[in-house]
Amino acid sequence: HYKLMNDIDLGAWLEENSPQYGWSPIGTASSPFSGVFDGNNKSILNLRITRETSNNLGLFGYVESATIKNTVIINPQVVGNDNVGAILGQRYADSSYDEAGPGTLLISNCYVIGGSIQGNNCIGGIIGYDYCGGHAGALTIEKCHNSASITGTSKIGGICGSMTGWASPGL
């Protein structure tokens, strides 16, 4: 469980520590974020990611089971390839027909104000791409708003770029 206690302006820190690429998203395909992040209605200003050939970009890059709530991102500048969003790049949750699947993803009370999100495929203001298969848990996006400019080649949305899923027989 993580809780943001103060507003954060990433502008100066990113310029000093990672001027070429910007923020390194939390969670990767080999080590996805699983947990609860409560932004506590504090603001994250000047999130910048410039990784034109990279996938799964956002404050969080890749999750399986998580809750992300009460998070405000002001003036993000995110540029990537596929699965790009200000809050989350991608959730991948899959299981076989015979196993209980991973948990759910809840994105609640999250706001993206201004800025721009750019990429090729699966580009969204809040989440880029959600894949859910088998007995995997549900995705819930509630009480979220995006006013960032969204630009891409295909599968583009103000809240979510693309969702793919299927259910096992008997569900």
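Predicted, not measured: the structure shown is a model, and the values here were computed from it. (Residues numbered from 1 in each chain as written. Predicted model: local features only at pLDDT ≥ 70, side-chain atom pairs only at ≥ 80, totals over all residues. Heavy atoms only, no water.)

**Q** Explain the confidence of the model for the protein chain to me, please; I cannot follow it from the model alone.
**A** Interpreting fine coordinate detail is not advised for predicted regions of low pLDDT. Summing up the model confidence of the protein chain, the mean pLDDT is 89 and the portion of residues at 70 or higher is 87%. Overall, residues 167-171 carries pLDDT values under 50, and its contacts beyond four positions in sequence, including any with other chains, amount to seven contacts. (pLDDT = per-residue confidence, 0-100. Contact = heavy atoms within 4.5 Å.)

**Q** Teacher, can you tell me more about the pattern of salt bridges here?
**A** Opposite charge on two side chains allows them to pair when their charged atoms are near. In the structure shown here, the tally under the stated rule is one salt bridge. Here Arg 91 ties to Asp 130 by a salt bridge, and the two come within 2.6 Å at their closest N and O atoms. Of the two residues, Arg 91 sits in strand S10 (residues 88-93) while Asp 130 sits in strand S15 (residues 127-132), which places them 39 residues apart along the sequence. Asp 130 matches Arg 91 in its accessibility class, with the two residues each being buried. (Salt bridge = Lys/Arg side-chain N within 4 Å of Asp/Glu carboxyl O. Helix = DSSP H or I, 4+ residues; strand = E, 2+ residues; numbered from the N terminus. Buried < 20%, exposed > 50% of the residue type's maximum accessible area, 1.4 Å probe, protein only.)

**Q** Is there a simple way to explain the side chain of Asp 82 in this structure?
**A** Turning to its location among the elements, Asp 82 is positioned in strand S9 (residues 82-85). Within the buried core, Asp 82 has no salt-bridge partner, and the shortest N-O distance to an opposite charge, that of Lys 155, equals 9.0 Å. (Lys, Arg positive; Asp, Glu negative; His and termini not counted.)

**Q** Would you mind going over the sheet that holds strand S8 (residues 77-79) with me for this structure?
**A** Taken in spatial order, the four strands of this open sheet run S5-S8-S13-S18, and their pairing is parallel. The sheet is open, and its two edges are formed by strand S5 (48-50) and strand S18 (149-151), each paired on a single side. Adjacent strand axes in the sheet meet at a mean angle of 10 degrees when their direction is disregarded. (Pairing = 2+ DSSP bridges. Axes fitted to C-alpha atoms, helices over the stretch in contact; angles between N-to-C directions.)

**Q** What's the story with the nonpolar core in this structure? I'm lost.
**A** A general trend in soluble globular proteins is that nonpolar side chains are found buried together. Of all hydrophobic cores here, the largest spans 32 residues; its most connected members are Phe 60, Ile 87, Leu 88 and Ile 107. At the level of elements, strand S3 (33-38), strand S6 (60-69) and strand S11 (105-108) are the ones that each hand at least two residues to this core. Considering each element in turn, this core owes the most residues, four residues, to S6. Those residues in contact with Ile 107 that sit more than four places away from it in its chain are Ile 68, Leu 88, Ile 126, Ile 127, Thr 140, Ile 141, Glu 142 and Cys 144. (Core = buried A, V, L, I, M, F, W, Y, C linked by side-chain atoms within 4.5 Å.)

**Q** What is the right way to read the packing of aromatic side chains from this model?
**A** Given two aromatic rings, one states the distance between the centres and the angle between the planes to describe the pair. Evaluated as defined, the whole model comprises three aromatic pairs. Arranged with centres 6.0 Å apart and planes meeting at 45 degrees, the rings of Tyr 2 and Phe 33 form a pair that is tilted. Pair noted here: Tyr 2 is in strand S1 (residues 2-3) and Phe 33 is in strand S3, with a separation of 31 residues, a long-range link. We classify Phe 33 as buried; its relative accessible area is 9%. Taking the centre distance of 4.9 Å and the plane angle of 50 degrees together, the rings of Phe 33 and Phe 60 count as tilted. Within this pair, whereas Phe 33 is found in strand S3, its partner Phe 60 is found in strand S6, the two being separated by 27 residues in sequence. Given the relative accessible area of 1%, Phe 60 is considered buried. An aromatic cluster of at least three residues, connected via ring pairs, comprises Tyr 2, Phe 33, Phe 37 and Phe 60. (Phe/Tyr/Trp six-rings, centres within 6.5 Å; stacked < 30°, edge-to-face > 60°.)

**Q** Whenever I open this one, the sheet that holds strand S12 (residues 111-113) confuses me. Can you help?
**A** Strand pairing in a sheet relies on backbone hydrogen bonds. The paired strands run either parallel or antiparallel. If you walk across this open sheet you meet the five strands as S2-S4-S7-S12-S17, and the pairing is parallel. This sheet does not close on itself; its edge strands, each paired only once, are strand S2 (8-9) and strand S17 (145-146). In the sheet, S2 pairs with strand S4 (residues 43-45) via two bridges, with the strands oriented parallel. Bridging across to S4, Ile 8 finds its partner in Ile 44.

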